[in-house]
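Coordinate analysis (summary)
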Amino acid sequence: MVLFHTRKQTASLSIHQQLAFMKRLQILLEAHYSMKEALTYVQFNKKFFHASDFLLRELSNGKSFDVSLAELSFHPQFVTHVHYGLLQGNLAEGIHQALNFITQQHQLKQQFLKTIRYPLVLIFGFLTMLYFIQLYIYPNFLQLFQTAKQTPPMIETAIFSVSLLFYILRISLVSLIFFSLITALIYKKMTPSQLMGLLLRLPIAFRLVRLHTSFFFAHHLKNLLDGHFSIKEALTLITKKQNQSILTQSMTEVLSTLDQGETLYQSLSTHSFFSDRLSYIFQTNESQALIRLSLEIYLTETFEDVTQTIEKSIKFIQPIIFSLIAISIVLIYLSILMPMINMMNTI
């Protein structure tokens, strides 16, 4: 058992390696290789040998490809799209859709991290400087002025201000870590229905989760409609395949209302975790071809809106952070320089 876990860990791939691995598989499958032939071919690449070997063994044991990918900790979207691809009888297309989606998602994430990396480095450097100023420089100044039997009000104010700022930042950091741990614990312990009830009381978090739920619902539904499933079949497949989540719980509730005779538009429009923009698609369109087209437009526009919102937020936050750090540095510098000038003038 220990040996099995060790092999599985050895076979695990980073997100970049997963993208490269699945891209190779897609090309080989489109060239009419069988799955086992494609995996055997990919084995010749040393980076992918362990992953290919593990998947070949799992397939030989009768497991499906999507389940085997999940055991290797592949990205959930790979697992989901591979499952849908297998159902549609077009695995290469399922992999292609997953590659496009994950690549866009990963690029957006990398863009965000790249943009905030420099401000984070500045904040860390500023906090380090603040710590050493409070610990070494200001106490020496106090000792110097106590020797001279006078402590300028400016240095006292500066020491108090720096101590207060450092205390606030330290408390904020500890509170943020504590809040993150509590949030993670609550997320793991609560059922989806309990979590949905909690989110309804948190407006900002609720709006973000509703956007996430609506986007992934539209994404999965469009892919299944492309595979010529009916809407009811697609909704059932989404519910069965997804792990226990807000999307799963929402879809279960939607299916329940459909069984009671409501239309999909009525069900989505009255459900809190689906956007009005999404539900409107099912009010105006009846044919699956129009619904697929409308869903594609919705996905494109939503992704663009999220990207623009992140970019605007970053452009707004960065100048504020830079300005606060610059002002703080200038004030600290003046608090050290001015008392020295005053002392020189009194000599």
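The structure under discussion appears in the preceding block.
So, here is what we can say about the structure in this document. On a predicted model such as this, the values are computed, not experimentally measured, just so you know.

**Examining the nonpolar core**
- Core analysis: the biggest nonpolar cluster contains 30 residues, and Phe 21, Met 22, Leu 25, Phe 65 and Phe 74 have the highest contact counts within it.
- Elements with a minimum of two residues in this core: helix H2 (15-30), helix H3 (35-42), helix H4 (49-60), helix H5 (65-71), helix H6 (76-88) and helix H7 (91-147).
- Aside from chain neighbours lying at most four places away, what touches Phe 21 is Leu 13, Leu 39, Val 42, Phe 48, Ala 51, Ser 52, Leu 55 and Phe 74.
- Counting residues in hydrophobic clusters, the runner-up holds 29 residues, among them Phe 216, Ala 218, Phe 274 and Leu 299.

**Structural notes on a nonpolar patch on the surface**
- Together, Tyr 131, Phe 132, Leu 135, Tyr 136 and Ile 137 make up an exposed nonpolar region whose accessible area comes to about 460 Å².
- Here Phe 132 is to be found in helix H7.

**A few points about the packing of H2 against H3**
- Contact pair H2 / H3: the axes reach a minimum separation of 9 Å and the direction vectors enclose 130°. By the angle between their directions, the pair H2 and H3 is classed as oblique. Crossing of H2 against H3: the hand is right-handed. Where H2 abuts H3, its residues Phe 21, Arg 24, Leu 25, Leu 28 and Leu 29 lie against Met 35, Ala 38, Leu 39, Tyr 41 and Val 42.
- The class makeup of the residues in the contact of H2 with H3 is nine nonpolar, no polar and one charged.

**A look at the packing of aromatic side chains**
- Inspection of the entire model under this criterion finds nine aromatic pairs.
- The interplanar angle of 80° and the centroid separation of 5.3 Å between the aromatic rings of Phe 206 and Phe 273 together place this pair among those described as edge-to-face. Of this pair, Phe 206 sits in helix H10 (residues 203-226) while Phe 273 sits in the loop between helix H13 (264-269) and helix H14 (276-284), and the two are 67 residues apart along the sequence.
- Judged by relative accessible area, Phe 273 falls into the buried class, the value being 2%.
- Pairing Phe 215 with Phe 216 gives two aromatic rings, centres 5.8 Å apart and planes at 80°, and the pair type is edge-to-face. By the burial criterion, Phe 215 is buried, and Phe 216 matches it.
- Through successive ring pairs, a cluster of aromatic residues spans Phe 21, Phe 48, Phe 74 and Phe 78.

**What to know about the side chain of Ser 275**
- On the secondary structure map, Ser 275 appears in the loop between H13 and H14.
- We classify Ser 275 as buried; its relative accessible area is 16%.
- Contacts of Ser 275, omitting those with residues within four sequence positions, involve Arg 210, Ser 214 and Tyr 298.

**Some remarks on the environment of Thr 270**
- Secondary-structure assignment places Thr 270 in the loop between H13 and H14.
- Taking relative accessible area as the criterion, Thr 270 reaches 63% and is therefore assigned exposed.
- Taking the C-alpha atoms as reference, Thr 270 lies 9.7 Å from Val 254; in sequence the two are 16 residues apart.
- Polar side-chain contacts of Thr 270 include one of 3.2 Å to the backbone oxygen of Ser 267.

**A word on H6**
- Given a rise of 1.5 Å per residue, 13 residues ought to cover 18 Å, and the 18 Å separating the end C-alpha atoms of H6 matches this to within 8%.
- Of all the residues in H6, the buried ones are Gln 77, Phe 78, Val 79, Thr 80, His 81, Val 82, His 83, Tyr 84 and Gly 85.
- Phi for Gly 89, located one or two positions after H6, is positive at around 75°.

Procedures and definitions
- Residues numbered from 1 in each chain as written.
- Predicted model: local features only at pLDDT ≥ 70, side-chain atom pairs only at ≥ 80, totals over all residues.
- Heavy atoms only, no water.
- Core = buried A, V, L, I, M, F, W, Y, C linked by side-chain atoms within 4.5 Å.
- Buried < 20%, exposed > 50% of the residue type's maximum accessible area, 1.4 Å probe, protein only.
- Helix = DSSP H or I, 4+ residues; strand = E, 2+ residues; numbered from the N terminus.
- Contact = heavy atoms within 4.5 Å.
- Patch = residues over 30% accessible without salt bridge, like charges linked within 9 Å, V, L, I, M, F, W, Y side chains within 5 Å.
- Areas by Shrake-Rupley, 256 points an atom, 1.4 Å probe, with all protein chains shown as cover.
- Salt bridge = Lys/Arg side-chain N within 4 Å of Asp/Glu carboxyl O.
- Axes fitted to C-alpha atoms, helices over the stretch in contact; angles between N-to-C directions.
- Parallel < 35°, antiparallel > 145°, perpendicular 65-115°, else oblique.
- Left-handed = near helix turned anticlockwise from the far one by under 90°.
- Nonpolar A, V, L, I, M, F, W, Y, C, P; charged D, E, K, R; others polar.
- Phe/Tyr/Trp six-rings, centres within 6.5 Å; stacked < 30°, edge-to-face > 60°.
- Polar contact = N/O pair within 3.5 Å; in protein donor to acceptor, adjacent residues only side chain to side chain.
- Expected span 1.5 Å × (residues − 1).

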